[in-house]
Amino acid sequence: MNTFKIVLIFLIVLFCPARLFSQTNYFVSTHGDDANPGTLVKPFASISRAVEKARGQSGNTNVYLIGGTYHLKSAVIFTGQDSRQNGSTLTVASYKKQKVIISGSTVLQLKWVPYKDGIWKATVEQNIQFDELFVNRQLQHMARYPNYDSTAHYLGGTAEDVLSPERVARWKSPEGGYVHALHPSQWGDVHYMITGKSDKGELMMEGGWQNNRRMGMSEKYRFVENIFEELDTANEWYFDKHAKMLYYFPPAGLNLRTATIEAPQLASLFEFRGTETKPVRNITIAGLVLTETLRTFMQNKEPLLRSDWTIYRGGAVKYEGAVNCRLVNCTLINVGGNAVFFSKYNRNCEVSGCQISNVGASGVCLVGDPGAVRSPSFEYNQFVPMAKMDRTPGPKTNNFPKDCNVYNNLMFNLGLVEKQSAGVELSMCQNITVSHNTIYDVPRAGINVSEGTWGGHLIEYNDVFNTVKETGDHGSFNSWGRDRYWHPDKVKLDSIVAAYPDFALLDVTRPIILRNNRFRCDHGWDIDLDDGSSNYIICNNLCLNGGIKLREGVKRVVENNIMINNTFHPHVWFKNSNDIFRHNIVGAGYLPIGISVWGKEVDYNVFPDSASLSEARARGTDRHSVYMPQVFENPAKGDFRLKAGTAAFSVGFKNIATDSFGVVSPGLRALAKRVNFPIVMVPGQATDSEIINFMGAKVKKLTTLGERSATGMDEIRGVLVISLLPGNATAFFQANDVIISLNGISTNSLRDLQKARMSVIGSSAEIVIFRNQHAYTKRIEFNDHK
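Residues numbered from 1 in each chain as written. Predicted model: local features only at pLDDT ≥ 70, side-chain atom pairs only at ≥ 80, totals over all residues. Heavy atoms only, no water.

S.K.: Mind showing me how you'd approach the overall build of the protein chain here?
M.R.: When helices and strands are counted, the protein chain shows 8 helices and 65 strands. Its C-alpha atoms give the protein chain a radius of gyration of 29 Å, within 12% of the compact-globule value 28 Å for 786 residues. Taken over the C-alpha atoms alone, the protein chain extends approximately 90 × 85 × 60 Å along its principal axes. Within the span of the protein chain, comprising 786 residues, buried residues form 58% of the whole. Pairs at least 24 apart in sequence give 66% of the contacts found in the protein chain among residues at least 6 apart. In the structure as shown, the protein chain presents an accessible area of about 31300 Å², 50% of it carried by carbon and sulfur atoms. The positive charge centre, built from 84 side chains, and the negative charge centre, built from 75, are 5 Å apart in the protein chain. (Helix = DSSP H or I, 4+ residues; strand = E, 2+ residues; numbered from the N terminus. Rg over C-alpha atoms; globule rule 2.2 N^0.38 Å. Buried < 20%, exposed > 50% of the residue type's maximum accessible area, 1.4 Å probe, protein only. Contact = heavy atoms within 4.5 Å. Areas by Shrake-Rupley, 256 points an atom, 1.4 Å probe, with all protein chains shown as cover. Lys, Arg positive; Asp, Glu negative; His and termini not counted. Charge placed at Lys NZ, Arg CZ, Asp CG, Glu CD.)

S.K.: When you look at a negative patch on the surface in this model, what are you seeing that I'm missing?
M.R.: On the surface, a cluster of negative charge is made up of Glu160, Asp161, Glu166 and Glu219. The topology assignment puts Glu219 in the loop between strand 16 (203-207) and strand 17 (222-225). (Patch = residues over 30% accessible without salt bridge, like charges linked within 9 Å, V, L, I, M, F, W, Y side chains within 5 Å. Salt bridge = Lys/Arg side-chain N within 4 Å of Asp/Glu carboxyl O.)

S.K.: Whenever I open this one, the sheet that holds strand 18 (residues 236-240) confuses me. Can you help?
M.R.: Reading across the sheet, the 5 strands line up as 8-9-19-18-12 and stay open at both edges, with mixed pairing between neighbours. Of all the strands in the sheet, just strand 8 (113-116) and strand 12 (141-142) have a single pairing partner and so form its edges. Where strand 18 and strand 19 (residues 245-248) come together, 4 bridges link them in antiparallel fashion. Directly across from Trp237, in strand 19, lies its bridge partner Tyr248. (Pairing = 2+ DSSP bridges.)

S.K.: Help me understand the nonpolar core, please; the structure alone is not making it clear to me.
M.R.: With 88 residues, the main nonpolar core has Phe78, Ile102, Phe270 and Leu332 as its most contacted residues. Apart from the residues within four sequence positions on either side, Ile102 is in contact with Ile47, Leu65, Tyr70, Leu72, Leu269, Phe270, Leu288, Val289, Leu290 and Thr291. If you look at the next biggest cluster of nonpolar residues, it comprises 24 residues, including Phe465, Ile562, Phe640 and Val663. (Core = buried A, V, L, I, M, F, W, Y, C linked by side-chain atoms within 4.5 Å.)

S.K.: Could you clarify how one ought to interpret the pairing of strand 27 (residues 317-323) in this entry?
M.R.: With respect to burial, strand 27 is a largely interior element, 6 of its 7 residues being buried. Where strand 22 (residues 280-281) and strand 27 come together, 2 bridges link them in parallel fashion. Looking at strand 27, one finds that Arg281 is bridged to Val323. Two elements, strand 27 and strand 30 (residues 340-347), share 6 bridges in a ladder whose sense is parallel. Residue pairing for strand 30: Glu320 is matched across the bridge by Ser343.

S.K.: How do you make sense of the sheet that holds strand 11 (residues 138-139) when you look at a structure like this?
M.R.: Pairing between the strands of a sheet is mediated by backbone hydrogen bonds and can be parallel or antiparallel. Taken together, 4 strands build an open sheet; the order of strands is 7-20-10-11 and the sheet is antiparallel. In this open sheet, the two edge strands, each paired with only one partner strand, are strand 7 (105-107) and strand 11. Where strand 10 (residues 134-135) and strand 11 come together, 2 bridges link them in antiparallel fashion. Note on strand 11: the bridge partner recorded for Val135 is Gln138.

S.K.: Can you help me understand the side chain of Asn338 in this one?
M.R.: Its place among the elements puts Asn338 in the loop between strand 29 (331-335) and strand 30. In terms of polar contacts, Asn338 uses its side chain to reach the backbone carbonyl oxygen of Tyr312, at 3.3 Å. (Polar contact = N/O pair within 3.5 Å; in protein donor to acceptor, adjacent residues only side chain to side chain.)

S.K.: How should the side chain of Arg556 be read in this particular structure?
M.R.: Note that Arg556 resides in strand 50 (residues 556-559). One polar contact links the side chain of Arg556 to the main-chain carbonyl oxygen of Arg551, over a distance of 2.7 Å. Those residues within four positions of Arg556 in sequence are excluded, and the remaining contacts are Leu529, Ser533, Ser534, Asn535, Tyr536, Leu550, Arg551, Trp573, Asn578, Asp579 and Ile580.

S.K.: So what exactly am I meant to see when it comes to the environment of Ala498 here?
M.R.: Looking at the element boundaries, Ala498 is found in helix 4 (residues 490-499). Overall, Ala498 belongs to the exposed group, its relative accessible area being 55%. In this structure, the C-alpha to C-alpha distance between Ala498 and Lys698, residues 200 residues apart in sequence, is 50 Å.

S.K.: For this particular structure, what's the right way to read the pairing of strand 20 (residues 261-264)?
M.R.: Consecutive side chains of a regular strand alternate in pointing toward one face of the sheet and then the other. Because side chains alternate across strand 20, one face comprises the buried residues Ile261 and Ala263, and the other comprises Glu262 and Pro264, equally buried. Here strand 7 pairs with strand 20 via 3 bridges, running antiparallel. Along strand 20, the bridge assignment pairs Thr106 with Ala263.

S.K.: Would you mind showing me how to read the pattern of salt bridges here?
M.R.: Pairing of side chains with opposite charge becomes possible as their charged atoms draw close. Counted according to the given criterion, the structure contains 36 salt bridges. Salt-bridge contacts for Arg482 lead to Asp531; the nearest nitrogen and oxygen are separated by 3.0 Å. With Arg482 in the loop between strand 43 (475-479) and helix 4 and Asp531 in the loop between strand 46 (525-529) and strand 47 (536-539), this residue pair connects regions lying 49 residues apart in the sequence. For Arg771, the salt bridge is made with Asp737, and the minimal N-O distance between the two is 2.7 Å. Here Asp737 lies in the loop between strand 61 (719-724) and strand 62 (738-742) and Arg771 lies in strand 64 (residues 764-771), a separation of 34 residues in the sequence. Look at Asp737 and you get buried, because its relative accessible area is 1%.

S.K.: Explanation requested: unusual backbone geometry in the structure shown.
M.R.: Glycine aside, residues mostly have negative phi angles, and peptide bonds mostly take the trans form. The omega torsion of the bond from Tyr145 to Pro146 falls at -5 degrees, within 30 degrees of zero and hence cis. In the segment running from Thr453 into Trp454, the intervening peptide bond is cis, with an omega of -5 degrees. Here Trp454 is to be found in the loop between strand 40 (447-449) and strand 41 (458-460). Even without a glycine there, the phi angle at Asn565 is positive, about 55 degrees. Within the secondary structure, Asn565 sits in the loop between strand 51 (562-563) and strand 52 (568-570).

S.K.: Got a minute to help me understand the packing of aromatic side chains in this structure?
M.R.: The way to describe two aromatic rings as a pair is by their centre distance and the angle between their planes. Per the stated rule, a full pass over the model turns up 33 aromatic pairs. When the centroid spacing of 5.1 Å and the interplanar angle of 65 degrees are considered together, the rings of Tyr115 and Tyr247 count as edge-to-face. One end of the pair, Tyr115, is in strand 8; the other, Tyr247, is in strand 19, with 132 residues separating them in the sequence. Residue class for Tyr247 comes out buried when judged on its relative accessible area of 11%. Measuring from ring centre to ring centre gives 5.2 Å for Phe228 and Tyr238, while their planes differ by 40 degrees; the resulting arrangement is tilted. Residue Phe228 is found in the loop between strand 17 and strand 18, and its partner Tyr238 is found in strand 18; the two are separated by 10 residues along the sequence. Judged by relative accessible area, Tyr238 falls into the buried class, the value being 11%. Feature note: the residues Phe568, Trp573, Phe581, Tyr590, Trp598 and Phe607 constitute an aromatic cluster, connected by ring pairs. Residue placement shows Arg482 over the ring face of Trp486; its charged tip is 5.7 Å from the ring centre. (Phe/Tyr/Trp six-rings, centres within 6.5 Å; stacked < 30°, edge-to-face > 60°. Lys NZ or Arg CZ within 6 Å of the ring centre and 35° of its normal.)

Right, dumping it as structure tokens:
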């Protein structure tokens with residue numbers, strides 16, 4: 001080592017504060033004692049005691065948790081007193097990567113005796129609440145009707161007669177029961193608690209506030225739970241709070257005497273409680289398993305401006321007033337409400353490397369304070385009059401999440417209780433980066449932006465699929481833009497934007513960038529920019545099934561995206577939208593609704609056939625666009641790069657890297673489900689004899705007199721079902737069916753059929769088939785057909 005380096009090291013050691021080199025360790029064990037000093041040999045018993053002891057320490061401080069399960073009696077609270085100066089961190093982590101489970105439940109000490117019909121019962125001596133029950137870490141079901149069915153499309157099984165007088169009459173004391181239902185338009189869900197019966201024997205209920213578009217409940221998709229008389233199958237339970245008696249129907253082979261029975265008692269496990277002036281700084285939680293928290297669906301009351309959402313500000317981990325705080329490499333599983341919630345003021349915080357699964361509500365929420373919004377409205381039909389509207393751009397306070405990062409997280413099986421939920425929810429926040437997350441098996445959007453306030457988000461390299469599984473009219477990525485400029489009356493809204501074109505950008509002050517993502521939605525759009533969504537840059541995304549929808553808004557640039565088996569859906573644009581759609585590859589002709597002026601530029605795109613290009617040019621767009629077969633390198637393996645020399649490159653399209661989506665950690669990649677890659681359909685150029693696969697059947701255009709005679713059709717038209725594909729014995733179709741129309745669109749060719757399929761917004765549509773000399777109108781569900 002030369003003399004200069006030796007002198008430099010000497011000076012650093014001499015003059016730098018000692019805290020830069022200091023490190024303090026405290027240890028916690030399930031076998032410890034809070035009277036101990038917190039050493040490895042004599043550890044503390046509680047995390048809270050270790051945090052308290054670490055308070056006021058300088059330099060890096062580690063609270064190491066020795067392997068085991070920690071059943072918290074209350075949430076671990078961090079305040080400004082626990083902060084570390086910049087350059088130092090307080091870290092709560094597992095010791096030497098031992099498995100540490102932080103549980104919000106309590107273990108029940110029970111003596112079981114037989115009751116009847118396979119049901120057992122036990123007196124509960126402890127004074128606890130019953131919301132969920134875990135047996136050997138597996139979630140059981142409250143006694144419910146209909147019984148839970150893992151294969152059901154909605155809510156684990158539904159029935160129309162849930163609230164019928166005959167059913168209700170069976171229930172002696174239903175108070176404390178719950179009615180769960182979809183929204184009537186499938187825009188999320190609603191929940192009610194039964195408070196009793198009236199003198200007439202009718203149910204009395206309270207609730208229904210969990211959706212900001214209040215229209216009551218679906219009369220078809222609903223179920224009831226926590227009713228004693230519905231306890232009739234394995235894995236169901238019921239707690240009689242008056243008799244303090246727990247009833248349980250164990251599955252065959254379960255030994256109740258040795259089983260671990262747990263009931264969640266806490267809604268949160270860790271809470272950061274700071275403010276803008278007294279924030280919680282530089283605290284990290286790492287390498288823990290967080291589990292078994294209470295459901296919070298009845299506390300979900302706060303409307304998120306004019307989006308369809310309401311929210312409960314809480315989660316297994318809740319941040320409020322946090323700066324430079326991180327949740328890393330944790331597993332959040334079997335939590336009853338939201339997993340992670342950033343409320344109001346937060347800066348430079350991060351959730352990364354986490355597995356978030358089996359969650360009652362959303363994965364990660366970042367939600368600001370409505371008090372920071374200028375001229376806010378809170379219900380769809382509300383509007384602040386123009387004369388009273390604050391016309392200053394941007395927020396009026398700093399009380400919102402900003403410059404935070406949601407990176408490299410695996411999220412799946414979300415929204416098990418609350419269907420108006422998402423993998424990542426953004427509302428009243430700014431400059432949030434959502435990158436390299438894998439999100440799937442969710443009831444609604446994978447990523448949702450509730451309104452434009454205040455933009456600046458970067459959403460990139462995410463892999464989002466199997467979305468909108470239990471709702472409708474939505475997308476894998478969804479946004480609304482019902483900002484202060486937006487009016488529910490479309491005529492008035494058009495006049496506002498025509499007179500004040502800059503108003504649409506008063507709240508979304510910075511562009512929202514959506515790039516390099518892979519989306520697949522089989523029950524809606526891959527990318528859905530709904531009411532008023534403005535100031536978006538959407539580029540280099542691979543859309544595998546649902547296409548891209550842009551409802552009214554301004555200043556959207558959509559470039560260099562690939563839409564497989566679907567297309568561009570522009571809906572009711574403003575005449576001065578200034579939207580741009582160029583250099584994109586579409587799988588079929590556009591499907592516009594109510595478009596009179598096609599934005600600033602719609603051109604230099606790539607169509608799959610001459611007919612769809614001609615159709616676009618007839619509308620006055622795509623003068624320089626081209627058509628070509630979609631020739632990808634290896635679509636069966638997910639490689640959707642175009643082969644060299646194709647015409648798309650002549651109009652400015654550039655290949656998209658298709659191997660960089662989703663989580664990057666090897667461990668999370670190994671766990672993640674893989675998206676199903678679609679068979680690329682070739683519309684428009686089909687010959688009369690071509691056969692394609694459609695909804696579990698082989699189909700072709702009906703073309704010959706022999707086919708007409710065999711089917712009994714009165715003329716040569718429609719799409720003929722030739723046979724069922726292997727493994728589809730229970731398919732919707734029968735051989736020799738003729739598909740007359742789908743979703744109100746006549747299907748006289750394969751191209752018509754594909755176009756009709758792409759027009760379906762939700763998970764079902766009306767179909768007319770000709771079978772056995774008769775035309776039948778049916779409802780076809782797309783959930784079971786890929």
